[in-house]
Amino acid sequence: MIVLLSCSTSWCQNDNATISSTGELTASHDSILIDFDDLRKANAKMVELKYEKEINDSLRSIIKNDDIIMREYSRNIDALKKQVKQVKRQRNIAIGGGVLVTLSLAVLTIFK
């Protein structure tokens, strides 16, 4: 198989090049011979690379989604911890107030 090099893409710039009857650019220095097996291997590697890129992109999106989920989970945990602290504080105030009221009633009943 004959493959044209990138330097032969413009036949107008090359004085030595001629156009054959098939429309191909022909010159002695702008083409090389490549074995079909080598082309198959290169094509297989490019397809493999394409699939690897797709897999990496999907893994990146999964990691990004997991990161978002973990941040939201941490925010929810922090909010729940704040609620628990607030409820404990309110409970302790209520218990302390109840004890003070009981003690003041007991003192009033003793001194009457």
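Residues numbered from 1 in each chain as written. Predicted model: local features only at pLDDT ≥ 70, side-chain atom pairs only at ≥ 80, totals over all residues. Heavy atoms only, no water.

1. Some thoughts on the overall build of the protein
Now for step 1: Tallying secondary structure elements over the protein gives one helix and four strands in all.
Now for step 2: Taken from N to C terminus, the helices and strands of the protein fall in the order β-β-β-β-α.
Now for step 3: Each of the 112 residues in the protein was classed as buried or not, and the buried ones make up 5%.
Now for step 4: Within the structure as shown, the protein displays about 10200 Å² of accessible surface, and the carbon and sulfur contribution to it stands at 62%. (Helix = DSSP H or I, 4+ residues; strand = E, 2+ residues; numbered from the N terminus. Buried < 20%, exposed > 50% of the residue type's maximum accessible area, 1.4 Å probe, protein only. Areas by Shrake-Rupley, 256 points an atom, 1.4 Å probe, with all protein chains shown as cover.)

2. Concerning the pattern of salt bridges
Now for step 1: The final tally for this structure, using the stated rule, is four salt bridges.
Now for step 2: For Asp-57, the salt bridge is made with Arg-60, and the minimal N-O distance between the two is 2.9 Å. Placement of both Asp-57 and Arg-60 in helix H1 (residues 36-111) is noted, with a separation of three residues, approximately one turn of the helix.
Now for step 3: Judged by its relative accessible area of 46%, Asp-57 falls in the partly exposed class.
Now for step 4: Its salt-bridge partner being Arg-71, residue Asp-67 comes within 2.6 Å of it at the nearest N-O pair. Here Asp-67 pairs with Arg-71, and both are found in helix H1, just four residues apart, close to one helical turn.
Now for step 5: For Asp-67, a relative accessible area of 33% translates into the label partly exposed. (Salt bridge = Lys/Arg side-chain N within 4 Å of Asp/Glu carboxyl O.)

3. As for a nonpolar patch on the surface
Now for step 1: There is a patch of nonpolar side chains on the surface, built from Ile-55, Leu-59 and Ile-62 and spanning about 250 Å² of accessible area.
Now for step 2: Relative to the assigned elements, Leu-59 resides in helix H1.
Now for step 3: Residue class for Leu-59 comes out partly exposed when judged on its relative accessible area of 42%. (Patch = residues over 30% accessible without salt bridge, like charges linked within 9 Å, V, L, I, M, F, W, Y side chains within 5 Å.)

4. Here's the deal with the packing of aromatic side chains
Now for step 1: Counted according to the given criterion, the structure contains zero aromatic pairs.
Now for step 2: The residue whose ring lies beneath Lys-50 is Tyr-51, and the NZ or CZ to ring-centre distance is 6.0 Å. (Phe/Tyr/Trp six-rings, centres within 6.5 Å; stacked < 30°, edge-to-face > 60°. Lys NZ or Arg CZ within 6 Å of the ring centre and 35° of its normal.)

5. Side note on the confidence of the model for the protein
Now for step 1: Chain-level statistics for the protein give a pLDDT mean of 83 and a share of 72% at 70 or above.
Now for step 2: No element of the protein has a lower mean pLDDT than strand S1 (residues 2-4), at 55, and none a higher one than H1, at 94. (pLDDT = per-residue confidence, 0-100.)

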